[in-house]
Amino acid sequence: MKNAVNDGVWSGTWVARRLGVELEGDEHLTDLLGLALRRNPKRAHLLVSKVLGKHVPQSPAVVHGHGLRLGHRVRALLGDAEAARAVVLGYAETATGLGHSVADGLALAPYLHSTRRPVAGVTPAGGFEESHSHATSHLLLPEDPALLAGDGPLVLVDDEFSTGNTVLNTIRELHARHPRRRYVVVALVDMRSAEDAARLDRFAEEIGARVDLVAAASGTVRLPEGVLEKGQALVAEHESAGAEPGPAPHGEVTRVELGWPDGLPDGGRHGFTPAHRARLETALPAMAARIAQALPAGSRRVLVLGFEELMYAPLRLAAELERTVPAEVRYSTTTRSPVLAVDDPGYAIRTRLAFPAHDDPADGPGERYAYNVAGAGFDTVVAVVDSAADTDRLHAPDGLLARLAAHAPHVLLAVVPAHAPHPFERPAMLPEPLRGPAFSSYAPDEVGWLLQDLSAVSLEAPTEEREEAVQNGGAHYAESLPVEYQPSERYQALFHAALDTSADRIARAVGVVTETVLTERSSRPVLVSLARAGTPVGVLMRRWAGQRYGVELPHYAVSIVRGRGIDANALRWLAAHHDPRDVVFVDGWTGKGAITRELSSAIEEFERAEGVTGFDPEIAVLADPGSCVRTYGTRDDFLIPSACLNSTVSGLISRTVLRADLVGPDDFHGAKFYRELADADVSVAFLDAVSARFPQVLDEVDAAVKELLAEDRAPTWEGWRAVERISEEYGIHDVNLVKPGVGETTRVLLRRVPWKILAKADAGADLDHVRLLAEQRGVPVEEVDDLPYTCVGLIHPKYTRGATGADGRAVNV
């Protein structure tokens, strides 16, 4: 073979002329595909992709880039909320790397590929047949079998979509076990006939699911009568010419230690999560640098050769190498697929290296192949295999390394540890997030609640009873719920007046905190609000990003409990579905900073226990009057109308519950959905009123963000010091009973037993609702001149039942 490039001649010409096969379709179809002849009695021709990196050595950036772009299209099709619930499934062996690359483009979903390598102790979660293939049985062996048990979209990735039979077999098998509402089929080329396309449509209708198709190009193969027999005759005629043993080995074989990260899967055979991807991205530069250091001086043309199903790790290593060394780097892999080789510029498979299988395959020994390597002018070949394939047969005189050394002066061997799934029983998979309207009055795409629904459980207790139990150490505040406050007409009127007055101010704060997050934290953040006060803020931040930039940010709500930490199972779910580095925790406001400290401690403990890193405990808040965080919309202590009410401004969701008899070690924390309060619900009205003001505040937000980013925003913890001082001055001696800020003071009045309210003398309308609630509950409001907050709520110290007001009188609310 004079050159690996086919000299400007289409690499399907030879087959097309001799068999009468025609390729019709998109104008770029022949840029993506060539033709060859299979050595297979079931099908004559083979569509040979020029951008897959299997049979034709190609730039790794081109190979990965095609998968990334397809993944971006799938994400745009699904939207971020659904993309975060998806699972990507690739087909062995040809599309394992493509599927991985699509998952990279999708970014939010875990990846799994089928395999033909069974693993002792791992029970298949499914399997299917590929009717036209030389090796038909596909196994699905996720380390966590529940990976395929969700009801989110399933994205199926193959290199070509020829008849649709394989996809139908897969969906039929998996849908019978775990029905889904949506499937997306992804391929480099869609070559189905009109009849095949109609068959898939009928199948989707039969199972009651939506099936979308995403492809880089489409077309049709026209096959003349008797093509199979003609193809077999051509194979017999040319077989001996393409299978010559080749010269004796003369190149050197050198082993390169990659330094592959401990515990990181070698690919998607048993599942590969966004958290795994984050670890790989971090490790790639150092591993590629070790290969680069091992390249002989003067290397001009380098091939990184993967191994059958092990396509993705070699591809990413090759792409990093291509980015950092001056040599021309190409990528392809070995394969099981038997194809005729013909050294003609108009034929896609110019040369074939044959060698014995070297990974103890379940279907017994047999030949394996490397195409278009011999004669391609590579002065160095980097063979990348997993440790299960690093056997004596790999190093044998007729093995792969010897065959490569016969055609390249230098061969490097890099071994990736084959991932061994844990043999122990995995815990039950956490359920998918709860969404409205089944849980909460928010639209389903606005927020996913990483909670369990405890609506059927009686959890409410009178406020005084709860307070006495909490202060006496008999119960934790998160073990029960206060009776939901039902606002009077006068109080409701105050809420609507406050919303009308403050909507612009809130919109500005939403814009500032969102722009700060997008600038400093992540261009595609995963918003995780702390239920429930943070949830309306998370929804508003998501709306800002959507309205201004057209992006749909994932948004979830999780539980955090003072003294108990954040819900570790919610963090596990997030780490399995997203890159932890993209997660931004969101809350409504800071008081004295207790939750800020709680979150930081909980994240540190989670990382130590789970070995998962990347979560940033810094909270993004609408208002930071306590100076506890760096990411905020304002540090003013002002009235946020969502603090005026409880569930009726928070999607009708209760505060979260953590009780041992209701929340097991593998459960999310709980909450209730108060459907019966729907008539009083103003959750969406609050969101709509604020987001309607976004266009009016754009210029103010941009100016404020520019100024803010130039400031020193390091937390001073001024609020915490003030709380400590107040606690001592008023003889409380417990900072947990001092609740600073408008939001926290409102909470005290709505669901605790208040003792006193401290208010700034010039607070004005920001405290109208606080004064009304204090009046209703018989609580004195004391004006204080040097208060760092607009107001502070003091919970009744050493409470005993009946002592509602400051003088101990019970008051009818």
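Residues numbered from 1 in each chain as written. Predicted model: local features only at pLDDT ≥ 70, side-chain atom pairs only at ≥ 80, totals over all residues. Heavy atoms only, no water.

### Examining the overall build of the protein
Of the regular secondary structure elements, the protein holds 22 helices and 33 strands. Going through the 813 residues of the protein one by one, you find that 61% of them count as buried. Across the protein, the fraction of contacts at a sequence separation of at least 24, relative to all contacts at a separation of at least 6, is 77%. By element, 50% of the accessible surface of the protein is carried by carbon and sulfur atoms, the whole surface being about 30,500 Å². (Helix = DSSP H or I, 4+ residues; strand = E, 2+ residues; numbered from the N terminus. Buried < 20%, exposed > 50% of the residue type's maximum accessible area, 1.4 Å probe, protein only. Contact = heavy atoms within 4.5 Å. Areas by Shrake-Rupley, 256 points an atom, 1.4 Å probe, with all protein chains shown as cover.)

### Remarks on the packing of aromatic side chains
Scanning the model with the defined rule gives 10 aromatic pairs in all. Ring geometry for tryptophan 544 against phenylalanine 694: centres 4.9 Å apart, planes inclined by 70°, an arrangement best described as edge-to-face. Highlighted residues: tryptophan 544 in helix α15 (residues 534–549) and phenylalanine 694 in helix α19 (residues 694–709), separated in sequence by 150 residues. For the pair shown, tryptophan 544 and phenylalanine 694 are each scored as buried. A connected cluster of aromatic rings, assembled from ring pairs, spans Phe439, Tyr442, Trp449 and Phe673. It is arginine 597 that lies over the ring of tryptophan 717; its NZ or CZ is 4.4 Å from the centre. It is lysine 756 that lies over the ring of tryptophan 755; its NZ or CZ is 4.7 Å from the centre. (Phe/Tyr/Trp six-rings, centres within 6.5 Å; stacked < 30°, edge-to-face > 60°. Lys NZ or Arg CZ within 6 Å of the ring centre and 35° of its normal.)

### Focus on helix α22 (residues 768–777)
Of the residues making up α22, those classed as buried are His769, Val770, Leu772, Leu773, Ala774 and Arg777. Glycine 778, located one to two residues past α22, shows a positive phi value of around 70°.

### Some remarks on the confidence of the model for the protein
Here the protein averages 85 in pLDDT, while 90% of its residues score no lower than 70. Low pLDDT (under 50) marks residues 1–5, which in the prediction has 13 contacts with non-local residues, meaning those over four places away or in another chain. Predicted confidence for residues 131–136 stays below pLDDT 50, and this span has 21 contacts to residues more than four positions away or in other chains. (pLDDT = per-residue confidence, 0-100.)

### Examining the pattern of salt bridges
Within this structure, the stated rule accounts for 44 salt bridges. Between glutamate 432 and arginine 85 there is a salt bridge, and its shortest N-O distance comes to 3.8 Å. With glutamate 432 in the loop between β17 (410–416) and β18 (448–449) and arginine 85 in the loop between α4 (80–83) and β4 (87–90), this pair connects stretches of sequence that are 347 residues apart. With a relative accessible area of 15%, glutamate 432 lands in the buried category. Note on arginine 85: relative accessible area 8%, which makes it buried. Here arginine 675 and aspartate 453 are joined by a salt bridge, their closest N and O atoms 3.7 Å apart. One end of the pair, arginine 675, is in the loop between β29 (670–671) and α18 (683–691); the other, aspartate 453, is in strand β19 (residues 452–453), and 222 residues separate them in sequence. For arginine 675, a relative accessible area of 41% translates into the label partly exposed. (Salt bridge = Lys/Arg side-chain N within 4 Å of Asp/Glu carboxyl O.)

### What about the packing of helix α3 (residues 60–78) against helix α5 (residues 96–106)?
Viewed as axis vectors pointing N to C, α3 and α5 meet at an angle of 50°, and their least axial separation amounts to 6 Å. Of the possible angle classes, the one that applies to α3 and α5 is oblique. In this structure, α3 crosses over α5, and the sense of that crossing is right-handed. Counting all contacts with α3, which are made through His64, Gly67, Leu68, Leu70, Gly71, His72, Val74 and Arg75, the residues of α5 involved are Leu98, Ser101, Val102, Asp104, Gly105 and Leu106. (Axes fitted to C-alpha atoms, helices over the stretch in contact; angles between N-to-C directions. Parallel < 35°, antiparallel > 145°, perpendicular 65-115°, else oblique. Left-handed = near helix turned anticlockwise from the far one by under 90°.)

### Some points on the side chain of arginine 713
With respect to the element layout, arginine 713 can be found in the loop between α19 and α20 (718–729). Take arginine 713: its relative accessible area is 1%, and that puts it in the buried class. Ignoring anything within four residues of it in the chain, the contact list for arginine 713 reads Thr516, Glu520, Val629, Arg630, Tyr632, Arg635 and Leu708.

### Examining the environment of glutamate 195
As for its placement among the helices and strands, glutamate 195 is situated in helix α7 (residues 194–207). A relative accessible area of 63% places glutamate 195 in the exposed class. Placed 32 residues apart in sequence, glutamate 195 and threonine 163 show a C-alpha to C-alpha distance of 9.1 Å.

### Looking at the packing of helix α14 (residues 489–520) against α18
Pairs of packed helices are described in terms of their axes, by the angle between the two and the distance that separates them. Close contact between α14 and α18 brings their axes to 8 Å; oriented N to C, the two are set at 60°. By the angle between their axes, α14 is oblique relative to α18. In the crossing of α14 with α18, the sense of the turn from one axis to the other is right-handed. Counting all contacts with α14, which are made through Leu499, Ala503, Ile506 and Ala507, the residues of α18 involved are Ala685, Phe686, Ala689 and Val690. Of the residues contributing to the contact of α14 with α18, the split by class is eight nonpolar, no polar and no charged. (Nonpolar A, V, L, I, M, F, W, Y, C, P; charged D, E, K, R; others polar.)

### Some thoughts on the sheet that holds strand β16 (residues 380–386)
In spatial order, the strands read β11-β17-β16-β12-β13; together these five strands make up an open sheet with parallel pairing. Edge strands, defined here as strands with exactly one partner in the open sheet, are β11 (252–256) and β13 (328–333). Ignoring which end each strand starts from, the neighbouring axes of this sheet average 20° apart. Bridge analysis of strand β12 (residues 301–306) against β13 gives six bridges, and the strand direction is parallel. Counterpart to valine 304 in the pairing with β13 is tyrosine 331. Sitting on the sheet, helix α10 (residues 312–324) is in contact with β12, β13 and β16, with an inclination near 175° to β13. (Pairing = 2+ DSSP bridges.)

### Examining a negative patch on the surface
Together, Asp762, Glu783, Asp785 and Asp786 give the surface a local cluster of negative charge. Tracing the sequence through the fold places glutamate 783 in strand β32 (residues 781–784). (Patch = residues over 30% accessible without salt bridge, like charges linked within 9 Å, V, L, I, M, F, W, Y side chains within 5 Å. Lys, Arg positive; Asp, Glu negative; His and termini not counted. Charge placed at Lys NZ, Arg CZ, Asp CG, Glu CD.)

### Considerations on the sheet that holds strand β23 (residues 555–558)
Strand order across the open sheet formed by six strands is β18-β23-β22-β26-β27-β28, with parallel pairing between neighbours. Two strands in the sheet have a free side with no partner beyond their single neighbour: β18 and β28 (631–634). Examined bridge by bridge, strand β22 (residues 526–530) and strand β26 (residues 583–589) share four bridges and lie parallel to one another. Its bridge partner being in β26, serine 529 is matched across the sheet by valine 586. Contacting β26, β27 (619–623) and β28, α14 runs over the sheet at an angle of about 160° to β28.

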